[in-house]
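Analysis of the macromolecular model
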Amino acid sequence: MVVRIAMVAGEASGDLLGGHLIAALKQQLPDAVFYGIGGPRMQSQGMECWWPMGKLSVMGYWDALKHYRDIAGIRRQLKKRLLDLRPDIFIGIDAPDFNLGLETALKSAGVPTIHYVSPSIWAWRGGRIHKIGRAVRRVLALFPMEPPLYEKAGIPVTYVGHPMADSIPLETSRQAVREKLALPRDYPIIALLPGSRRGELETMGELFVQTAKLIRERFLPEAVFVVPLATRETRLQFEAAIYRQQAADIPFRLLFGHAQDAVGAADVALIASGTATLEAALIKRPMVITYKIAKFSYWLMKRMAYLPYVGLPNVLCGRFVVPELLQHEATPENLAEALVKLYEDKEGAKAIEAAFTDLHLQLRQNTAEKAARAVVECLR
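Reference entry: report on the structure contained in this document. This one's a predicted model, so the numbers in the text were calculated from it and none came from an experiment.

Here's the deal with the overall build of the protein
- Scanning the protein from terminus to terminus reveals 18 helices and 13 strands.
- For the protein, the C-alpha radius of gyration of 21 Å lies close to 21 Å, the compact-globule estimate for 380 residues.
- Each principal axis of the C-alpha atoms in the protein carries an extent, and together these give about 65 × 40 × 40 Å.
- For the protein, with 380 residues in total, the buried portion stands at 53%.
- Taking the intrachain contacts of the protein between residues at least 6 apart in sequence as the baseline, contacts between residues at least 24 apart amount to 70%.
- Just so you have it, the protein exposes about 17300 Å², and 52% of that area is on carbon and sulfur atoms.
- Each charge sign in the protein was given a centre, from 47 positive and 39 negative side chains, and these centres are 7 Å apart.

Points about the packing of aromatic side chains
- Counting across every chain of the model gives four aromatic pairs.
- Chaining the aromatic ring pairs together yields one cluster made of F225, F238 and F252.
- A cation sits over an aromatic face here: R75 above F98, 5.9 Å from the ring centre.
- Directly above the ring of W50 sits R81, whose terminal nitrogen or CZ lies 3.8 Å from the centroid.

Quick word on the pattern of salt bridges
- Evaluation of the coordinates by the stated rule reveals 13 salt bridges.
- The residue R198 makes a salt bridge to E233 at a minimum N-O spacing of 3.7 Å. Placement of R198 in helix α10 (residues 198-219) and of E233 in helix α11 (residues 232-244) is noted, with a sequence separation of 35 residues between them.
- When its relative accessible area of 46% is taken as the criterion, R198 is described as partly exposed.
- Take E233: its relative accessible area is 43%, and that puts it in the partly exposed class.
- Within the structure, one salt-bridge network assembled from shared partners comprises E11, R197 and E200.

Some thoughts on the packing of α10 against α11
- It is the contact of α10 with α11, at a shortest axis distance of 9 Å, that shows an interaxial angle of 35°. The crossing of α10 and α11 is right-handed. Where α10 abuts α11, its residues R198, L201, E202, G205, E206, F208 and V209 lie against E233, T234, Q237, F238, A241, I242 and R244.
- Each residue belonging to the contact of α10 with α11 can be placed in one class, and the counts come to six nonpolar, three polar and five charged.

Criteria and cut-off values
Residues numbered from 1 in each chain as written. Predicted model: local features only at pLDDT ≥ 70, side-chain atom pairs only at ≥ 80, totals over all residues. Heavy atoms only, no water. Helix = DSSP H or I, 4+ residues; strand = E, 2+ residues; numbered from the N terminus. Rg over C-alpha atoms; globule rule 2.2 N^0.38 Å. Buried < 20%, exposed > 50% of the residue type's maximum accessible area, 1.4 Å probe, protein only. Contact = heavy atoms within 4.5 Å. Areas by Shrake-Rupley, 256 points an atom, 1.4 Å probe, with all protein chains shown as cover. Lys, Arg positive; Asp, Glu negative; His and termini not counted. Charge placed at Lys NZ, Arg CZ, Asp CG, Glu CD. Phe/Tyr/Trp six-rings, centres within 6.5 Å; stacked < 30°, edge-to-face > 60°. Lys NZ or Arg CZ within 6 Å of the ring centre and 35° of its normal. Salt bridge = Lys/Arg side-chain N within 4 Å of Asp/Glu carboxyl O. Axes fitted to C-alpha atoms, helices over the stretch in contact; angles between N-to-C directions. Left-handed = near helix turned anticlockwise from the far one by under 90°. Nonpolar A, V, L, I, M, F, W, Y, C, P; charged D, E, K, R; others polar.

Put into structure tokens, the structure is as follows:
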């Protein structure tokens, strides 16, 4: 019997989760068909995508407001199409501002709904838990501190861990990755990850280039910078930032993708806050976490935040394992000094590695298989 599974992912991290989940579901439900909104990883597993995932990728409240009409139009059309088709189950992957309203409508119409990736109710806007309860039959939680919050509210939840903890080895040889990328064995290597979205590159691109220039000029004249970029468009944006900052003489090694290799080869990394920080933690590298968004968005999020940290590695460890320099603190001078300090602190690097190894073991749960089993249970 054909099982029809509708899914929506809104950005690269959700596409990664969705691709793994579809592959695991096909093992248990070989006749399943998948459709909705996803990215290249989900499409490579056979999902039919009705809109490009990039249409949903926005950054902060201001960006969301600018694109509200387009996004609302897509959700309206998608809701009508799904209500007409009545899939056997709907799985919203992250993107809570888009997916929860859709899930509420589908659940009310009798379609089982799952939300994969808990919204960060532990960090801010905890009142959303009641909206989540109305929207879904089950939550699939990536992080160990999340299930108790849902259990207390009477919402079915399954802890599935994080798939990156399954796919990333417990140890990554820095020298082996340097050889693979033909990078110098003994030079200081710094990974720069300014984000995967166009809006992030607009905000962070020149800041990262300026930081690299300062490091070379003032601190580490032999430093090499490895920059993984997700798309041709973001690569062009970063190249434009290099040109505007007159930094053509700085040794930037630009990669298409290969973020894990870039971090694995590095002594330290500068990373725009997001899933990439968790990736770096699982590779056990010291990092500086940074981010800049529109002033109003930052003010609003700051007012609603419960925790003193925003980077996932610090949130999951429950303390400042690595530094965060956000918004007005994110200057080239501050970022350069923080990176060089991390690079020089070899004992500190060992302590960071130990904390991130503990985290890795907690998150390694065979995620895709666990998530697929939960989906199949909901179908029954």
